Amino acid sequence: ALKALTGAARPNSDMAEFREVFSKAKHIAIITGAGVSAESGLPTFRAASGHWRRWKTQDLATAQEFSRNPSRVWEFYHYWRELALKATPSEAHRAIAECEARLSKQGRSMVVITQNTDELHRRAGSKHVLEVHGNLFKTRCLSCGDVDDNHHSPICAALQGKGDPDPKCSDADIPVRDLPRCDEGGCDGLLRPDVIWFGETLDSHVLTKVEKELDACDLCLLVGTASVVFPAALFAPQVASRGVPVAEFNIRPRASTSRYKYHFQGPCASTLPIALA
Ligand code: BV8
Ligand code: ZN
């Protein structure tokens, strides 16, 4: 009772018990957030209070800000693209990818439902990945709607060396004609990153696939997410409400009234390889 009163963090769940459940699961859904890329060197949104220069991430990641100041928003995305290109998948990404390959040989499925846009799950070798917030390395044309893969570094000459996150850094104020443009048959429309901005709805095709996986899974892992961004924050609670066990892997201590069956505290690059071995 005293512990509950002090709200002291409760110890980790029993890993042996979790691994028993894991060994019997046929369809595993792994929901991941920025914490799974933390050990790849990508700052999480909560860390550094999610700032780039003087702005909060969620104030820049909007369609309004892009139409108001496309140069500033492209500097921001150039910064993230270059960070993600230089990053390498962590032990957490790798453990997930290896586990998927092992399970598929046993006729068992694993799907990664990621909020991350850094493509590190794919680079680690995961095959079945649903990117609910889009992908930094895809562009979408505002004129013709064409969506393209784009891993160019820099994405356009004018952004070379730009995007420094230091608050003292001033805007590059790149003229819109020098920002990334569409090369689809003379369209030349302005390109945007193909990510889901705040205030934009998630892609309905992706959401349909997510719903199917959440309804089919018999075990769910929730890795490295603060679960504050909607509607992704509702995915794990939806699985738990079906009575399916959810195991949360997070660096922050478990709230004494955790809503999930299992909780393993610690950096997921250390905890996941043990859990998924
Ligand atoms: C929408 C791409 C319909 C852009 C991103 C209720 C219902 C619906 C909408 C809302 C709602 N309430 C509010 C909204 C609006 C908004 C929202 O959720 N706002 C939040 C801030 C309250 N949602 C939307 O706008 C969504 N659209 O619902 O459309 C609609 C439309 C209009 C009006 C109403 C409804 C679209 C949301 C998608 C936004 N796009 N990404 C870009 O950023 O480039 S989200 C972005 O932030 C990231 O992609 C990421 O998903 C998210 C950050 O969350 P996390 O991944 O959890 O990362 P975070 O840093 O927060 O946490 C890291 C965690 O890891 C921490 O817990 C930490 O402890 C842990 N950790 C750290 N290190 C480690 C670790 N764990 C383990 N190991 C470690 N080493
Ligand atoms: Zn176009």
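Residues numbered from 1 in each chain as written. Chains lettered and ligands numbered in written order. Predicted model: local features only at pLDDT ≥ 70, side-chain atom pairs only at ≥ 80, totals over all residues. Heavy atoms only, no water.

- Identification of the chain as NAD-dependent protein deacylase sirtuin-5, mitochondrial from Pygocentrus nattereri is taken from an unreviewed UniProt entry.
- You can read under Sequence similarities (unreviewed entry) in the UniProt record for the chain the words "Belongs to the sirtuin family. Class III subfamily."
- The Function (unreviewed entry) field of the UniProt record for the chain holds the comment "NAD-dependent protein deacylase. Catalyzes the NAD-dependent hydrolysis of acyl groups from lysine residues. Has weak NAD-dependent protein deacetylase activity; however this activity may not be physiologically relevant in vivo." (UniProt positions renumbered as here; feature names shortened; annotations may be inferred.)

**A word on the nonpolar core**
Move 1: Counting residues in each nonpolar core, the largest one holds 27 residues, and the members touching the most others are Trp-74, Tyr-77 and Trp-197.
Move 2: Listed by contribution, the elements that provide at least two residues to this core are helix H5 (70-86), strand S6 (134-141) and strand S8 (191-195).
Move 3: With 6 residues, H5 is the single largest residue contributor to this core.
Move 4: When neighbours within four sequence positions are excluded, Trp-74 is seen to be in contact with Phe-66, Arg-81, Thr-139, Ile-155, Leu-159, Leu-179, Pro-180, Leu-191, Arg-192 and Pro-193. (Core = buried A, V, L, I, M, F, W, Y, C linked by side-chain atoms within 4.5 Å. Buried < 20%, exposed > 50% of the residue type's maximum accessible area, 1.4 Å probe, protein only. Helix = DSSP H or I, 4+ residues; strand = E, 2+ residues; numbered from the N terminus. Contact = heavy atoms within 4.5 Å.)

**Side note on the UniProt feature "active site" (unreviewed entry) in the chain**
Move 1: The residues that UniProt annotates with the feature "active site" (unreviewed entry) are His-133.
Move 2: Mapped onto the elements of the fold, His-133 is located in the loop between strand S5 (129-131) and S6.
Move 3: Accessibility expressed as a relative area gives 12% for His-133, which makes it buried.
Move 4: Residues contacting His-133, with those up to four places away along its chain left out, are Thr-114, Gln-115, Thr-117, Val-195, Ile-196, Leu-202, Val-229 and Ala-232.

**With respect to the packing of helix H2 (residues 15-24) against helix H10 (residues 268-275)**
Move 1: Where H2 meets H10, the closest approach of the two axes is 10 Å, and the angle between their N-to-C directions is 55 degrees. The orientation of H2 with respect to H10, classified from their angle, is oblique. Within the contact between the two elements, H2 uses Met-15, Phe-18, Arg-19 and Phe-22 and H10 uses Thr-271, Ile-274 and Ala-275.
Move 2: In terms of residue class, the contact of H2 with H10 is made up of 5 nonpolar, 1 polar and 1 charged. (Axes fitted to C-alpha atoms, helices over the stretch in contact; angles between N-to-C directions. Parallel < 35°, antiparallel > 145°, perpendicular 65-115°, else oblique. Nonpolar A, V, L, I, M, F, W, Y, C, P; charged D, E, K, R; others polar.)

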